[in-house]
Structure formats: structure tokens, C-alpha cells
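Residues per chain are reported as follows:
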Amino acid sequence: NTSISLIAILDKEIPTEFSSEAINLADDAKAVPLGKREDLRKLPLVTVDGVDARDFDDAIFAEADTDKKNPGGWHLIVCIADVAFYVRPGDALDQEAQKRSNSVYFPDQVVPMLPEVLSNGWCSLKPHEDRPCMAAHMWISAEGNLVRHRFARGLMKSHARLTYEQLQAAHDGDPDDNTLLLNHVVSPLYGAYEALSKARHNRGVLELDLPERRVIIGEDGLVEGVETRMRFDSHKLIEEFMITANVAAAETLEKKRQPCMY
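Values in this document were obtained by computation on a predicted structure and should not be read as measured data.

### Side note on a negative patch on the surface
Link 1 in the chain: Where like charges cluster on the molecular surface, the negative patch consists of Asp 172, Asp 174, Glu 194 and Asp 233.
Link 2 in the chain: With respect to the helices and strands, Glu 194 occurs in helix α7 (residues 183-203).
Link 3 in the chain: Of the residues examined, Glu 194 reaches a relative accessible area of 48% and is grouped as partly exposed.

Printed below as a string of C-alpha cells:
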């Protein structure tokens, strides 16, 4: 049932094999010690992805800001897998990744940018497993403006793998066993999202709520149909958190580029 995907892979000349050097580096990968990393393992960080997601690249957390100078504000954390710990500049894994630029997703399979032991293992934020990460700490005001931020390398442990549907259902008052345990986590996430949405509205950002579609492959390997994916506030929540993290990263880079004035 993978014939259509295989035809596309061959037609577009998408690399599917890794060099022996890259495979050896991936197979030698081990768990990361805490060392000087920030220990985030007790924080109830969660991943939120589609029900058919195969790897988990980022995790989120939110809480009310206790700083009296920021009344009604929020502290957000966005963690992404620290791939750079395993892939060093110029090594065989880096060379293979440059050939691909990104992973390629098909309805029935993924052609990963890195060997599976990394892409679906050490670089995937699987629940209840220690993983190295890059953490973006962000503090936003009640109006959703980014007040300050800092980045740190950390060691995290995802407390749950949630789907968009699960997160939205929990917020709407219909939690399942997984989200029921994390009920105290869900409300702050949406509180922070509402603040960010307020700032987005005040900026007059163009709203492009375009539907996403999912291709359904039958047992015979042929396209059986195309369905529109339901879109929830949980999708927008993740988008807003990621945009805010990218803004924080851009501001950090801009500050580093500015010359020191004496």
C-alpha cells in the first residue's frame, strides 16, 4: 500500500538511504546527562500534535506570572528537541541532513531527514522520557505583549502526548483520562493563548484560517478520499506559542548583532 509514495520518492529523487558513517553516529547516540543544563523534568510540559503524528518536536507549558510588575501576565515555555546535541556541524549526520533539508511526509510514511533512531528516538520528545531540549522562556503581559525572554539548554520530560482534539475537548469540559490528570495544565495554556490572541487582534493581523486536508489511502494503495481536518483553538494556540518563540529568537539575534556602545 506504499506504491504511490514510492513512485513519488523515485520521481522526485528523494534520498532514502544514509551513509554508513551517519548510521554509526546515530547508533552511537546516548541519553544526555543533566550537566549544566536547566532541569525542566518536573514541569508538566506536554506535546500537542495531530493524531497521526510520528515524531514530537516541541512541548509547551504556561503558568500565571507571579511578578507583581506584570499583573495578569503569563510565563510561557516552548521547548524544542535539541537536535544540535546529536548533529554537529560538518559531521556525517549534518551532511546527510543538508542533502535532504527536511523530512518528507506522505499519507502513509515519512522519509526522515535523520536516521530513525534520532528522528523518532533521541530527538523526539516522547512522554515520560528524558530528552535534551532548547527552552524558550517568555513572559507576556495581560495584553499579550512579549515583556522579556531568555533561552536555555535544558533536560525535559514530556508529561503527556496530547492531540489537538484531546486538548480542545479538555478545555471545553470533556477531558479524557489523559487530560484529566493534566487539568491544571490546560487552563493556563488557554489563558496565555487568549492574551496572545488579544495582542494579535490589536495589531490587526490578517487572519487566514485555511482548511487543512488529509489524504486517505485505501488498503489497495490508491487514494480513497480527501477529508478536511477539523480546526480548533488548540491549533491556533500552538501557532501563537510558536510565533511568540520565533519573535523572541529574532529579538535575541538582533541584540547580538548590535554593536556595543561605550
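### Quick look at the nonpolar core
Link 1 in the chain: With 30 residues, the main nonpolar core has Val 46, Val 48, Ile 60, Leu 76, Leu 189, Leu 237 and Phe 241 as its most contacted residues.
Link 2 in the chain: Mapped onto this core, the elements with two or more residues apiece are β2 (46-49), β3 (58-64), β4 (74-81), β7 (130-140), β9 (160-163), α5 (164-171), α7 and α8 (233-257).
Link 3 in the chain: Per-element tally for this core: the top contributor is α7, with eight residues.
Link 4 in the chain: Excluding residues within four positions of it along the chain, Phe 241 makes contact with Ile 60, Leu 76, Val 78, Met 138, Leu 189, Ala 192, Tyr 193 and Leu 196.
Link 5 in the chain: The next biggest cluster of nonpolar side chains, apart from the first, holds 13 residues, and it includes Ala 22, Val 32, Tyr 86 and Leu 118.

### Here we look at the packing of α5 against α7
Link 1 in the chain: Where α5 meets α7, the closest approach of the two axes is 9 Å, and the angle between their N-to-C directions is 90 degrees. In terms of their interaxial angle, α5 and α7 are classed as roughly perpendicular. In this structure, α5 contributes Leu 167, Gln 168, Ala 170 and His 171 to the contact, and α7 contributes Val 186, Leu 189 and Tyr 190.
Link 2 in the chain: Partitioned by chemical class, the residues of the contact of α5 with α7 number five nonpolar, two polar and no charged.

### Re the side chain of His 149
Link 1 in the chain: With respect to the element layout, His 149 can be found in strand β8 (residues 146-157).
Link 2 in the chain: With relative accessibility at 16%, the residue His 149 sits in the buried group.
Link 3 in the chain: A distance of 3.1 Å separates polar atoms of two side chains, one belonging to His 149 and the other to Glu 251.
Link 4 in the chain: Here the side chain of His 149 touches Thr 252 through a polar contact of 3.5 Å, side chain to side chain.
Link 5 in the chain: Ignoring any residue separated from it by four or fewer positions in sequence, one finds His 149 in contact with His 137, Met 138, Trp 139, Ala 248, Glu 251 and Thr 252.

### Topic: the packing of aromatic side chains
Link 1 in the chain: Here the structure, examined in full by the defined rule, presents two aromatic pairs.
Link 2 in the chain: Arranged with centres 6.4 Å apart and planes meeting at 90 degrees, the rings of Tyr 190 and Tyr 193 form a pair that is edge-to-face. In this pair, Tyr 190 and Tyr 193 are both assigned in helix α7, three residues apart and thus about one turn of the helix distant.
Link 3 in the chain: The class of Tyr 193 is buried, set by a relative accessible area of 9%.
Link 4 in the chain: Directly above the aromatic system of Phe 85 lies the positively charged group of Arg 88, at a separation of 5.3 Å from the ring centroid.
Link 5 in the chain: Above the plane of the ring of Phe 18 lies Arg 100, whose end atom (NZ or CZ) is 4.0 Å from the centre.

Calculation notes
Residues numbered from 1 in each chain as written. Predicted model: local features only at pLDDT ≥ 70, side-chain atom pairs only at ≥ 80, totals over all residues. Heavy atoms only, no water. Patch = residues over 30% accessible without salt bridge, like charges linked within 9 Å, V, L, I, M, F, W, Y side chains within 5 Å. Areas by Shrake-Rupley, 256 points an atom, 1.4 Å probe, with all protein chains shown as cover. Salt bridge = Lys/Arg side-chain N within 4 Å of Asp/Glu carboxyl O. Lys, Arg positive; Asp, Glu negative; His and termini not counted. Charge placed at Lys NZ, Arg CZ, Asp CG, Glu CD. Helix = DSSP H or I, 4+ residues; strand = E, 2+ residues; numbered from the N terminus. Buried < 20%, exposed > 50% of the residue type's maximum accessible area, 1.4 Å probe, protein only. Core = buried A, V, L, I, M, F, W, Y, C linked by side-chain atoms within 4.5 Å. Contact = heavy atoms within 4.5 Å. Axes fitted to C-alpha atoms, helices over the stretch in contact; angles between N-to-C directions. Parallel < 35°, antiparallel > 145°, perpendicular 65-115°, else oblique. Nonpolar A, V, L, I, M, F, W, Y, C, P; charged D, E, K, R; others polar. Polar contact = N/O pair within 3.5 Å; in protein donor to acceptor, adjacent residues only side chain to side chain. Phe/Tyr/Trp six-rings, centres within 6.5 Å; stacked < 30°, edge-to-face > 60°. Lys NZ or Arg CZ within 6 Å of the ring centre and 35° of its normal.

Geometry only, nothing functional implied.
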